[in-house]
Structures are given as C-alpha cells and as structure tokens.
2 protein chains.
Amino acid sequence: MKRYFFFFCYLFSSVMLCAQESATWIWYPGDFEVWLSNDMQNRRTERGTFFPPFWRMDNHYVLVEFHKEFDVPTDEEIAIVAEGKYNVKVNGKMIPGMPAKLNLKKGKQKITIKVYNQGHVPALYVSGKTVNTSKDWLVTFEDKEWIDETGKASDQSGTTYVKAGHWNFDQPTRFPSKFKLPTRLEQAVSSTKHGSGTLVDFGKNTFGFLTFHQLKGNGKLSVYYGESKEEALGTATCETLDYIEVARSSSTDSTLDLSKAFRYVYIEKQGDVSFDQVSMQYEYLPVEDRGAFKSSDEELNNIWEVAKYTMELTSREFYIDGIKRDRWIWSGDAYQSYAMNYYLGFDSETVKRTILALRGKEPTMSHINTIMDYTFYWFLSIYDYYQYTGDKEFIEAVYPRMQSLMEFCLARRNKDGLMEGLSGDWVFIDWADGLSKKGEVSFEQLLLCRSLETMALCANLLQQQDDQVFYDKEAKLLKTKLFDYYWNPTKQAFVHSRINGKQTENVTRYTNMFAVFFDYLSNEQQQAVKTNVLLNDRVQKIMTPYMRYYELESLCAMGEKDYVMQEMKSYWGGMLKLGATTFWEEFNPAKSGAEHYTMYGREFGKSLCHSWGASPIYLLGKYYLGVKPTSAGYQTYEIDPYLASLQWMEGKVPTPAGEIDLYVSEKKIKVKSPIGVGTLKIKSKSKPKSKNGTIVQLDQDTYTMEVHAGVAYEVDYRL
Amino acid sequence: MKRYFFFFCYLFSSVMLCAQESATWIWYPGDFEVWLSNDMQNRRTERGTFFPPFWRMDNHYVLVEFHKEFDVPTDEEIAIVAEGKYNVKVNGKMIPGMPAKLNLKKGKQKITIKVYNQGHVPALYVSGKTVNTSKDWLVTFEDKEWIDETGKASDQSGTTYVKAGHWNFDQPTRFPSKFKLPTRLEQAVSSTKHGSGTLVDFGKNTFGFLTFHQLKGNGKLSVYYGESKEEALGTATCETLDYIEVARSSSTDSTLDLSKAFRYVYIEKQGDVSFDQVSMQYEYLPVEDRGAFKSSDEELNNIWEVAKYTMELTSREFYIDGIKRDRWIWSGDAYQSYAMNYYLGFDSETVKRTILALRGKEPTMSHINTIMDYTFYWFLSIYDYYQYTGDKEFIEAVYPRMQSLMEFCLARRNKDGLMEGLSGDWVFIDWADGLSKKGEVSFEQLLLCRSLETMALCANLLQQQDDQVFYDKEAKLLKTKLFDYYWNPTKQAFVHSRINGKQTENVTRYTNMFAVFFDYLSNEQQQAVKTNVLLNDRVQKIMTPYMRYYELESLCAMGEKDYVMQEMKSYWGGMLKLGATTFWEEFNPAKSGAEHYTMYGREFGKSLCHSWGASPIYLLGKYYLGVKPTSAGYQTYEIDPYLASLQWMEGKVPTPAGEIDLYVSEKKIKVKSPIGVGTLKIKSKSKPKSKNGTIVQLDQDTYTMEVHAGVAYEVDYRL
C-alpha cells in the first residue's frame, strides 16, 4: 500500500497528497482507547445473550481543543477533517464557518481547533505541506478561558494541556470511529452430517465471522459454536450460539454480524432453509512477524507455534483474556500478554492501547477490573514497557493517571498500612480451590510494594524528585512490614495472610515465587523458598497457566532451567497431546476427556484459547534464548542462552531497532544484533573462540563477550 | 392526547395499554441532563461559526444496571424497550436473548436489566400491569459482582445503587435520545424591501427556526438576524447569521436546521433564488401558566408581561442566560431563573434538570462554569428549591454531589481559610467597569459561608448529624472571619476585599446587600449599610439587571418597597420606553440609541433577552403580593401584601398544590389558598374585618390572620 502511494506521489508530484502521508488523526490521549475498548468489551454474548463487564466503563471527553504553533516557511493551504462539529482559530482569531480548507500565510501561525462529538471520540486530521496533525499537538478538555465585560480574555488560565493521542490513522478518510480489525477468508476443513444437522470443522481453534454461502429459503438456522467438538454438539450447554431468521427468495452469501470463537460449528435448519457451504472471515490484528524460535525438539517447537497462535488470537483491538467467553481486557492477563509480546510481535501500540484502556479515567472509584492485584500488575506493566521499549514519552503521558491510581490505593490501607479487601474489592490471586482471600493477604502487600517501587522509578525517570522520595520511603516501609508480618522463620517461607493481625499457618506459592523474581530474598531465603515451597509437592499445586508462568519464571530465575524445560514440555505438551490447537485457561493433567472443558460450574465454561496460556514464548525467549534488556530500550542487554535438553536452538528476539538473531548449539553460538551493547554469557569447559568478539573469563567455566550492533558474531565453545 | 388515550383504553379494555400510562423512561440520574445539556450548549454559533463552552462537558455512563423487586399479584406479561443493547435477569437468572416481551409469574420477582449505549444515554422503559419502570427503580454504573472458580457470586459487593432519573417520557415510543422542544408556526408582522434585500419583522423578540416558503432556484441566501433592526441590517457585525446554498428546481417550503433568536431578519439573495414569504417555527418549553400579576398601574403590568415573556424565551431544555448569544447554562443566571419560576410556572422539573446539568459529575476539577461565585449559587439554589417545593427526594439524590463539590471548595482555601481566585478560577461577581477581583474578595467568602450553612441545613434534613456539625462549625468560623476581616467600623460597611492580608479601602454594593437578605447584620449595621452603601450614589452603581435583582431585594428586605417600586418602574420601564419586547442583559439609562446594543467590545454583543432581566416577576410576587414559604413546600407561608403606589393589585402565586389567589386594594384583601397555613399580614388604621377569618392584632396598626387551605377569605381594612 505504502509503496504504491509513494509511486503515485512521485508520478504526479502531488505535494499535497504526499504531505498527507505525514499527518495522522489525533484525539485526547486515552479517549479513543476507552471508546474502542467499550465497544469491544460489550460484544460478549453468552448463549446469544448480551454479557457486559461489571465494572465502570468510562467515556470520552465530548469537547476537545487541539492546538499547535507552526513556523510556516511559505504560504500553504491546509485541509481539515474532524469527527464532530468544529471551529478553527488562527493566532487566536476565529475563522468563519467550519472550513475544510484554509490558507495559511508564511510565518508564525498558531492553529487552534475545537471539536465536539458526543457519540464518539472528537478526532482531528489536518494536512498541509508543513502543517499536519501529529502527536506533538497539545490538547485539553476544558480551556478555562473567559473574557471580561470589555471582551478582554482572562490572564489567569488554569488549562492543562497534554500531548495528543494517536495511532495509525494516517489517511483523512480512515476515520477512527470506523475502526474495524481486518478479515480474510478461511475455509473449513470438513463438513459432515451429524444427527439432524451439519458439523463443520475449521481444523483449529479460530475467531471470526461465519459465512453461509448461497443462503436461501424461509425458516431458521441454529448455529452452535464449539472450541471442542463436544461443545458444538452440546446444543443445550455450549457457551455461544446464534439463532438466525432466514427469509430470502434468491440465494446470496450471508456473513454474520458478530465474530465468535470456534473450531467446530454445528448447524441445524428449520423450515426450507438451504445453503451451499460454510466458510469464515478470520478477524485479526495485523502484527509484524518478528519473534521466532526453533530447536532440535519438535514438541517444543510445536509448543512455541501453538503459543504464538494463541497470542495471535488473543491480540485484538486490545490484549484480551480469551476469545470465546470474556473477550474483555483483564489487567492480570494483559500483563502477561505484554511480556509475551516483547518476545513475539513487539507491538508497542497494542501494549499502550491496552494500558490506557485498562486505566480509564478519573474518578478512580475501584480497582482495575475491580481486582486489587490487577491494579498492581497495571503499575508493573508500565515500567516493563519502558524497559523493553525505552519509550519515555508514554511514561510521561500516563504518569498522572499512575499517581491518582496510587493515591486511591494508599488511601485504602488499613491502620497497619496494609491492604485488605474492602467492600467492592476483588482479591483474586488465582483460580485455585479454597484459596483464602480473607484478611491481609501477603501477596497483595508484595505487589503494592513492587508498585511503589515502580512509581519511584518512573518519578525518577521524569525527574519528579519529591515524588521519588515519597514513593521510595513508602516502598521501603512496606517491604520491612512484609518480612516482619509474613516471613515465618520456622517455615522459612512467607505465609499466605494475616487475619485479625495474626499470621496464618497457610503457605502458598504466590508470594514466595514472586519474591524470588522481584529479588526480595537473600540467597539463603531463596534456597529455602525453593525447597520448602516451589519444589514441595505438599504446597497446593498451581493449575492455571496464568500462575504457572510466574512459578516457572521464578524457578528459571533460581537456575532451575532443566526442571522448567521438563515442566514446560509436560504441561504444555500435555495439552498438545490432548489435541489442543491453542492453549487453555486451566489445565489439570489428572482430568480426562470432556472433563477438561468444564469450569465455573459450566460444562463448557473453560476457555480453550487463553492468552495466559502462551507463556512459553516468554520463557523460551527470556530464559533459554536468554535475551533481556538490562537498560531501557535495549541500550544494554544480556544474552544468556541455555540449551537444557536441546541439541540446538535458534530464534529472533525483537528490539526497538530490529531483531537479535541467535543460533545456539552445543558447540557454536551465532549472534547478530541491531542495537546497543549486549553481553553474551557463555558457559564453556574451555575458553571459547571468536574471530571478531572479545572473550572475557568471569570464573572457571563462565565467559562473556560484548555484542555490538551490526556485527555478526560466531563463537566456538564447549558445553 | 391523554383524554383520547383513556377513551381508547375504556373502549377496548386493553389493560396493557392503560398500564403503560404509569411507566416512564428511566436512566442513571443526571445522565440525560448531562447529555441533553451538552447537546443544547453546543448549538451556539457566532456569525455562523460553532462556539462551544470553555468548561469541561461531562458524559453519560455507557453501561447501566437497573433493577427493582416486585410482588407480582397475578401472572403478567411485560414489554421491554431500551435505548441500547440490553440483557434481562429475573431473580438473578439470565433470560436468553434480548427479549421485548417477558412473562412473569405471580410472586416475588426481581427484574434486573443492564443497558449499554455509548452514543447516547442508556435508558429503559418496562411496562406491564404492575411491573413498570419508575423513579423507584435502583440503578448503578458498576455492579462490582464477580464470581469465583466454581461460578459462585461474590458476597462482598461494593455496589452503590441510587434511584433512577426520569422526566416525562411516559410512552415507549418517546425515546429520550429523540427529545426535541415543540414548535408552532408564527407569522412575521411585516416584510419590507431594504437596500438590496428584505427586512422581515416578527413584531417582538422571538426564538425558533426560520421557514422560507416556496423556496426555489439556484444561488445563495444570506440571512442576518437581529434582536434590533440595527443588528439585522448590520450585516458585517450582527451576532448570528446563516449562509444557505440553494439548488432546487421546484419550489418547496424550507425550514432551517438551527434555531435562532431574533425580532428582525434581513435577507439578501444571490443568483436566481426566489421565495414567497418568511415565517418561523417558534420553539418553546411547554410550561403551565400559573403565576399572574395585574394592577392599577399599566406600566407595571407591561413590565410583568414582558418579564414573563423573557422568562418564557429563556426557559428551554434548561434555564439559559439569553437566547441570542450564549444559550448556555450559567449557574448565576439560572439561580435567578429558579426564583422567578417559583412565582411563574413553578416548573420543578426544569429547575432539577438545570441543577443536575450544571453540576455534571466527578471528578470535580473546576468551579461550575469555572466561576467561583457560580459554584456557591448552585449550593444556594438547592435549599431554595426545597423551601419552595418541599421535595426532599431531590435533596437526597443530589446530596453526594453537593458534598464532593464542597470538598473541592474547602480544599482550595488559603492559609487564612479564605478563597481567592487560583489559577483557572474565574471570580465574576458582576459585569462592572474596573471591578477588582484581586486577593480575597469579601463577596466570595460571604457566598461560601452561605453555602456552608446550606450544606448544614441539607445534612440536617437528611439526618446526617456528623456532616451537619462539621458544616455548621465551618460556617460559623467563616462568618466570624467575614466580620473580622471585612467589616470596616469607620465606613460602617463591608469592604470589597483584602489584598496581601490587608483590608482595601474600596466599598462595593455586593457583599453589603447580600449580607442584608442573608440576615447577617444587626439592625444597626443594616441601617448603616442602607445609608452608606445602598442609597449612597458615590458607591459604584449597578448596571446589570442581574445585580439589580439583589440590590432591590435587599432594599425590599429593609422595607424600602416604595423606593423599589419607583426604581423598578424607572429601570425596567426605561427599557420598555426604548421599545424593549424582552428584558436586557445590561441597561444603562445614560446611553442612547444603538449604543444600548454594544457589549464585550462588539457592536451587537449585548443580549436583549436575558433571563436575569425578568426579576420583576420575583420582586412583585415575593415583596408586593408578598407571598413566600416559611417552611418547606408551603406547609406554612407568609402573605405580606404591599401596594406601594398602586390602587390595587391581584395575582396568583403557584405552590406545590395549586395557586394562592390574592386581590389587594386599599380597602379589601381577598385571598384563597390551596395549601398549608398562611399568615396574612395586614397594615390597617383600624381593626380589619373578615367574615371567616380570625384577625389578631400585633401592634398598633399591624394585624395578622391565619389562612387555611380551601377557604375564600375577604378582609375589609383601612390602609
């Protein structure tokens, strides 16, 4: 598309058209994200019935002012398109009417445009040779400018301007309000008679709009969707369905309005309805194919590919939990999607959109998704984003909303300075039988502590020294309490909670494993936690891939990568053995057959394509390819490859500047990076050799080598 | 309409249809008001250019849950209509699909309906024999109900339910989102050639949509509106205009899209455009004709009638300031409209709508209309509303938003506990040349003090004892400061302000006159204020009817009713003598001709139909007919008639139960009331006589008589 466009410009020397290439639709930051997420999250149906979220949905500002000052080099004409009613001022002087074109004179020109739209987000697109809408425009939702009785404007403005929000709406005719994900045709792999109806199989779990070809007649179609065959055939209990009235004399193709998740579709006809075949329009978010992983282990490769497809399906307008059921944005789930994304598509726009949509806007009256832990993951996600992308601008934009959310949290602490579930607070942690949420749960204090540290880091980054001192102090105070109140010296582990000010006896994995990769523990404590909790079968096992993610991460962080490789293969491999084409919301190997599909007391309640199921992408990228940034945006990073049981592996890890390419066998490491300075760690029985790299010995069998951008390194070593 | 409807029901015994009569559309309280006020306030144009407000416009909640529990006497069918996507639960069990009809069984039934709508207000209409939407339904914008892994709902809800908002949308097909004020045809009184165009005169200032009859041809119409002839002919400077492209081969009537204010319209044609004549669709709020006033003074009667028409024009979707220019809801202006309304239409719905629209919703980030004094009038308006209507339910509904607004105010006090204009605060007071807004203005402290007293009164009414104690304490503290900091013992008056902690020398009317009718002054202080300020020509005169209202009210309160009658006749009579058909935003008798029309540095900047110009309605009702409630909702009230220079007067004062009828001449008083117990005050040289009333002597020439509901009293007395 882009290539054609430039070609066109070149041919006709159409300056105006080319200039438009650099303009983009802008809005009040977060507003499009709020609006689009409302739209997306209210598409859920349960057996045909509308099923919306239970938390407050925010709304866009209906009246927004945009402005920017330009130094126009020569007279130029600008074109203005807005979603909404608007007016235009140039250097404070109102232009009559609602001009679509405007001539600007050479010189300093301040363009101010006010857009009103109650139905959807006020958005603006201005394009000219040099005057174009961009993220540098300033916006406000109240200009607080009044006049006195002589018409003189007030000199005491209280207006707060922030930088405009934007995405990829780069053409004047691509209206933000018309946003839709793209689709492409996909065919079913089989269609068979079953009972009184037809069972269609699309070969793997998928997402989109069903098309009935050559649909004709009068009557009704009943369409039952299933992520499993059992679900599609379970017409009384399947989670999603469509009942369609048909009344058409001539046959035409008909695509349904609402996208659904399914592998199987079971269709029953009533009356004299007929159709030719069924296909689908696969609906997807276009994401560049950047991360890659391949190894000598075919099962592991399959796990990676199925995880990748699971991520593809759950990456939509925003990162959602699962494709069949909620289709909502859950902060805890999204937090993991972000992490996987850093090793796959490195799609920063979707991370930012999701963070903004989750936060919504003031007033802050409840936790994100009403879940206390989900508020904390939201804080954590922001610093992670900065670490991987180096995008300080976004931290700057979101910082005020971080502050107000933290204010909300701190105001909800009890007299001991701890957070417990108040009325309306959902303490979630994990789906686990009988997990107590009572009293002051240690896990929540741990996450709050980490969130306060995140606030301090961001404050420091933005040079907000007073803030930094405050958040630092609060974090340290809470960390001390964490150990004082929850570390049990006898058990040598954190206990789960305090009730009525007293430690309970219960030890769970959550706080302990997070404390490991938050690096809160001494070596001694870490070893104790490993033995007493993580590798202790008497401590309640984790059944969700959601918490498996953290469990395995903490084991990796403690060097148990062989064990984790084994676990990964048995747990995710276990789902593959059961025919999974996407990874599940929960997996208990002890169950069998259709038992696997039940959850929430419903026969097919479980989501079989759940984003948190895709974590091998993250684990393989970070702990086996071993790539992670050590300073923001990969200015420095570490490559610490670990083969475990593999003979070889190769992969790509995306960075802001391109991909780090890595090949690792038992004898050779090849690496090429487009960015910064990496430190390659090499475990080798003898000193490794490299033609163009400098090997430094750290200890008996550990070496490092600096990796510089643009150089293809080869290292020979002996594992 | 209603009569036909009942007739229809009677004929067909259609229980369902009759039952619908008792259902009404409901929404989250305040949301329709916010939505409609956004719509209305963004209709302003200035010379054809969109001209929106400069404060934040709020927005509705996009996802709202409605519920109510019913005890259904026999099985019944209900019909459901919603503006938006919805789902229905009965006793917590989801009903499949989006049902338009539903059968309810006899017995306890809890109906819960969730409606989603991003474009406009989620609204609901349910009608059945006994199950109907009404103001008693409970609503929330977040239900905060989650489930655990077994599907069990949480037992720790944090949901806040409030009573539903509603108005008069009593038919299922009267969608709130389709709301429009009614219109009726009005003809011009003259149409004359003028220069190259046509000048049309509608005989008086009016408001509505212009219609061109038999419009035909190709070209352009330029339409210039004027509240004065000069303005309509001032094509380069008139405030509002329309440029209309015409391209029609056959002639049809064409009514313009946007309503405008005008008495005169000047029309110029370009190209071969032709039309037959011009009429208009007068757009109005239907308000019952309840208050009345007539007297022996024809000029005064005219003043009352023109004030009434001014109120009619400025009472629209909400009470607006003026019809030509802003067409916005200004709290200070609305506060006066409410008061006039209590002596005219007694239209409580419009008062409530306006109060809700002004307040908007959280977060509170600025003063109402950005004006500090306008925030305070908002508080004052609520207790006034209660006093006149006795509607405690509304106080209950609005109290949380009162609290949060007061919190906002108190947090903005300086170290001395006083409010001064911070960045973004407009200190308005009045349009007056050179009026200082610097430092701590005494007027703002006075209004804050009164607002705190209002909070205490409301808290007491709602039995919020802690709140009452708090607000009481704060009010008393501030009152003490008011006298300590601003009362100047030498000048025997309040000074205008403190700057850098020091009293200024300046004395203005504002604080002094408000202190009178707030009853903050001792008798001695009152007399001093009257002499030194109110009747002192060296103190800057008031030029706006806005502040004239309070000035005259304070003089009335001090018994200067003869003087006020004279002032009223000269000031408002002065506008009439200049040909006013509605009352103005500002009137300076010293100006002449078209000078009167200038304001804000613009030739026709002044509004010639401004709600605050209509105050004679209030003054005549409250201080001459002399009727005012002494307890909430006219349970008790006072009738203290005063003829001043009149031979006789008669009038009606509306109450929640009907009108108090009053006739007063120099010899006779006739009174009949539909409500409560009134105290008629009679000044008489000899003991008055009444057949059915009991006269009690108070002092030498003052008597009282109790007035009971439903009794027609006649009193003979000697003035």
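Residues numbered from 1 in each chain as written. Chains lettered and ligands numbered in written order. Predicted model: local features only at pLDDT ≥ 70, side-chain atom pairs only at ≥ 80, totals over all residues. Heavy atoms only, no water.

## Quick word on the packing of helix H6 (residues 331–341) of chain B against helix H7 (residues 348–359) of chain B
Residue and element names in this part refer to chain B.
In step 1: Direction vectors running N to C along H6 and H7 enclose 165 degrees, while the axes themselves pass 10 Å from each other. Considered as vectors, H6 and H7 are oriented roughly antiparallel to each other. For the pair H6 and H7, the sense of crossing is left-handed. Residues Ser331, Ala334, Tyr338 and Asn341 of H6 touch H7, and the partners they reach there are Val351, Thr354, Ile355 and Leu358.
In step 2: Its residues placed into classes, the contact of H6 with H7 shows 5 nonpolar, 3 polar and no charged. (Axes fitted to C-alpha atoms, helices over the stretch in contact; angles between N-to-C directions. Helix = DSSP H or I, 4+ residues; strand = E, 2+ residues; numbered from the N terminus. Parallel < 35°, antiparallel > 145°, perpendicular 65-115°, else oblique. Left-handed = near helix turned anticlockwise from the far one by under 90°. Contact = heavy atoms within 4.5 Å. Nonpolar A, V, L, I, M, F, W, Y, C, P; charged D, E, K, R; others polar.)

## A look at unusual backbone geometry
All names here are of chain A.
In step 1: Along the chain, Glu362 connects to Pro363 via a cis peptide bond; the corresponding omega equals -5 degrees.
In step 2: Counting through the fold element by element, Pro363 comes out in the loop between helix H7 (348–359) and helix H8 (372–389).
In step 3: Positive phi values are uncommon outside glycine, yet Asn369 reaches one of about 60 degrees.
In step 4: Of note, Asn369 is situated in the loop between H7 and H8.
In step 5: A residue is classified by how much of its surface remains accessible, and Asn369, at 4% relative accessible area, is buried.
In step 6: Positioned with a positive phi, Gln463 is a non-glycine residue whose angle comes to about 55 degrees. (Buried < 20%, exposed > 50% of the residue type's maximum accessible area, 1.4 Å probe, protein only.)

## Thoughts on the pattern of salt bridges
Residue and element names in this part refer to chain B.
In step 1: Applying the stated criterion across every chain yields a total of 93 salt bridges over all chains.
In step 2: Note that Lys114 and Asp143 form a salt bridge whose closest N and O atoms lie 2.6 Å from each other. Here Lys114 is found in strand S9 (residues 107–116), whereas its partner Asp143 is found in the loop between strand S11 (138–140) and strand S12 (162–163), with 29 residues between them in sequence. (Salt bridge = Lys/Arg side-chain N within 4 Å of Asp/Glu carboxyl O.)

## Let's talk about the interface of chain A and chain B
In step 1: Contacts between the two partners involve 65 residues from chain A and, on the opposite side, 65 residues from chain B.
In step 2: For the pair chain A and chain B, the two sides together bury roughly 5200 Å², of which 57% comes from carbon and sulfur.
In step 3: Counting across the interface, chain A meets chain B through 0 salt bridges.
In step 4: Across the contact surface, chain A and chain B share 25 residue pairs in polar contact (both at pLDDT 80 or more).
In step 5: Elements with a contribution of two residues or more to the side of chain A that touches chain B: helix H3 (31–41), strand S3 (49–50), strand S6 (85–90), strand S7 (93–95) and strand S9 (107–116) of chain A.
In step 6: A total of 4 residues in the side of chain A that touches chain B trace back to one element, the largest contributor, which is H3 of chain A. (Buried area = accessible area lost by both parts, 1.4 Å probe. Polar contact = N/O pair within 3.5 Å; in protein donor to acceptor, adjacent residues only side chain to side chain.)

## Some details on the environment of Val72 of chain A
Residue and element names in this part refer to chain A.
In step 1: Relative to the helices and strands, Val72 resides in strand S4 (residues 63–72).
In step 2: Counting along the chain gives 26 residues from Val72 to Met98, while the straight-line C-alpha distance between them is 22 Å.
In step 3: Excluding residues that lie within four positions of it along the chain, Val72 makes contacts with Leu104, Lys105, Lys106, Gly107, Gln109, Thr130 and Val131.

## As for the relation of the copies chain A and chain B
The operation relating the pair of chain copies consists of a rotation about an axis and a translation along that axis.
In step 1: Least-squares fitting of chain A to chain B yields an RMSD of 0.0 Å, with the superposition described by an axial translation of 0.0 Å and a rotation of 180 degrees. In short, the pair behaves as if placed about a two-fold rotation axis. The rotation axis passes nearest to the C-alpha of Gly119 of chain A in chain A, at a distance of 1.9 Å.
In step 2: Here 100% of the interface residues in chain A have copies in chain B that are interface residues too; the copies meet face to matching face. (Least-squares fit on C-alpha atoms with pLDDT ≥ 70 in both.)

## Focus on the side chain of Arg44 of chain A
All names here are of chain A.
In step 1: Here Arg44 shows up in the loop between H3 and strand S2 (45–46).
In step 2: For Arg44, a relative accessible area of 5% puts it in the buried group.
In step 3: There is a polar contact of 3.2 Å between the side chain of Arg44 and the backbone oxygen of Arg325.
In step 4: Polar side-chain contacts of Arg44 include one of 3.1 Å to the side chain of Asp326.
In step 5: Once you skip the residues sitting within four places of it in the chain, Arg44 turns out to touch Thr49, Phe50, Phe51, Arg325, Asp326, Trp328 and Arg602.

## Concerning the domain arrangement of chain A
All names here are of chain A.
In step 1: Segmentation of chain A into domains returns domain 1 (16–178), domain 2 (183–283), domain 3 (292–611) and domain 4 (625–716).
In step 2: Using C-alpha coordinates to define each centre, domain 1 is positioned 36 Å away from domain 3.
In step 3: Residue-level contacts link 27 residues of domain 1 with 25 residues of domain 3.
In step 4: A buried area of about 2300 Å², summed over both sides, lies between domain 1 and domain 3, and 58% of it is on carbon and sulfur atoms.
In step 5: For the pair domain 1 and domain 3, the interface holds 5 salt bridges.
In step 6: The interface formed by domain 1 and domain 3 contains 12 residue pairs in polar contact (both at pLDDT 80 or more).
In step 7: The element best represented in the side of domain 1 that touches domain 3 is H3, accounting for 7 residues.
In step 8: Residue composition of the side of domain 1 that touches domain 3, grouped by class: 12 nonpolar, 6 polar and 9 charged. (Domains from an automatic or database assignment.)

## What about the sheet that holds strand S7 (residues 93–95) of chain B?
In step 1: Reading across from one edge, S7-S6-S9-S4-S11-S12 (chain B) is the order of the 6 strands in this open sheet, with antiparallel pairing throughout. Bordering the open sheet on either side are S7 and S12 of chain B, each of which pairs with just one other strand. (Pairing = 2+ DSSP bridges.)

## What about the packing of aromatic side chains?
In step 1: Throughout the structure, instances matching the rule amount to 153 aromatic pairs over all chains.
In step 2: Between Phe169 of chain A and Phe179 of chain A, the ring centres sit 6.0 Å apart and the planes meet at 75 degrees, which makes this aromatic pair edge-to-face. Taken together, the residues span a long stretch of sequence, with Phe169 of chain A in the loop between strand S13 (165–166) and strand S14 (183–187) and Phe179 of chain A in the loop between S13 and S14 at a distance of 10 residues. Grouping residues by exposure puts Phe169 of chain A and Phe179 of chain A together as buried.
In step 3: When the centroid spacing of 5.3 Å and the interplanar angle of 75 degrees are considered together, the rings of Tyr385 of chain B and Phe394 of chain B count as edge-to-face.
In step 4: According to the relative accessible area criterion, Phe394 of chain B is buried, its value standing at 7%.
In step 5: If you follow Lys269 of chain B out to its NZ or CZ, it ends over the ring of Phe275 of chain B, 5.4 Å from the centre.
In step 6: Of note, Arg353 of chain B hangs over the ring of Trp167 of chain B, and the distance from its end group to the ring centre comes to 3.7 Å. (Phe/Tyr/Trp six-rings, centres within 6.5 Å; stacked < 30°, edge-to-face > 60°. Lys NZ or Arg CZ within 6 Å of the ring centre and 35° of its normal.)

## Observations concerning helix H10 (residues 442–461) of chain B
In step 1: When the terminal C-alpha atoms of H10 of chain B are compared, their 29 Å separation across 20 residues agrees well with the 28 Å that a helix rising 1.5 Å per residue should span.
In step 2: The first or second residue beyond H10 of chain B is Gln463 of chain B, which carries a positive phi of 55 degrees. (Expected span 1.5 Å × (residues − 1).)

## Observations concerning the sheet that holds strand S20 (residues 292–295) of chain A
Residue and element names in this part refer to chain A.
In step 1: The 5 strands are arranged S20-S28-S29-S30-S34 in an open sheet whose pairing can be described as antiparallel. Because the sheet does not close on itself, it has two edges, and the strands there are S20 and strand S34 (712–716). This sheet shows a mean twist of 10 degrees between the axes of neighbouring strands, independent of strand direction.
In step 2: Bridge analysis of S20 against strand S28 (residues 648–655) gives 4 bridges, and the strand direction is antiparallel.

## A closer look at the side chain of Asn512 of chain A
In step 1: With respect to the element layout, Asn512 of chain A can be found in helix H12 (residues 509–517).
In step 2: Those residues in contact with Asn512 of chain A, other than ones at most four positions away along the chain, are Trp487, Ala493, Phe494, Val507, Leu521, Val529 and Val533 of chain A.

## What about the environment of Asn460 of chain A?
Residue and element names in this part refer to chain A.
In step 1: In this fold, Asn460 is placed in helix H10 (residues 442–461).
In step 2: Separated by 177 residues in the primary sequence, Asn460 and Glu283 place their C-alpha atoms 41 Å from one another.
In step 3: Beyond its immediate stretch of four places on either side in the chain, Asn460 contacts Gln465 and Gln468.

## Some words on the packing of helix H6 (residues 331–341) of chain A against helix H14 (residues 545–557) of chain A
Residue and element names in this part refer to chain A.
In step 1: Where H6 contacts H14, the two axes come as close as 11 Å, and the packing angle between them is 50 degrees. Classified by the angle their axes make, H6 and H14 are oblique. Judged by the twist between their axes, the crossing of H6 over H14 is left-handed. Contacts between H6 and H14 involve Gly332, Asp333, Tyr335, Gln336, Ala339 and Met340 from the first element and Tyr546, Tyr549 and Tyr550 from the second.
In step 2: Within the contact of H6 with H14, the residues separate by chemical class into 6 nonpolar, 2 polar and 1 charged.

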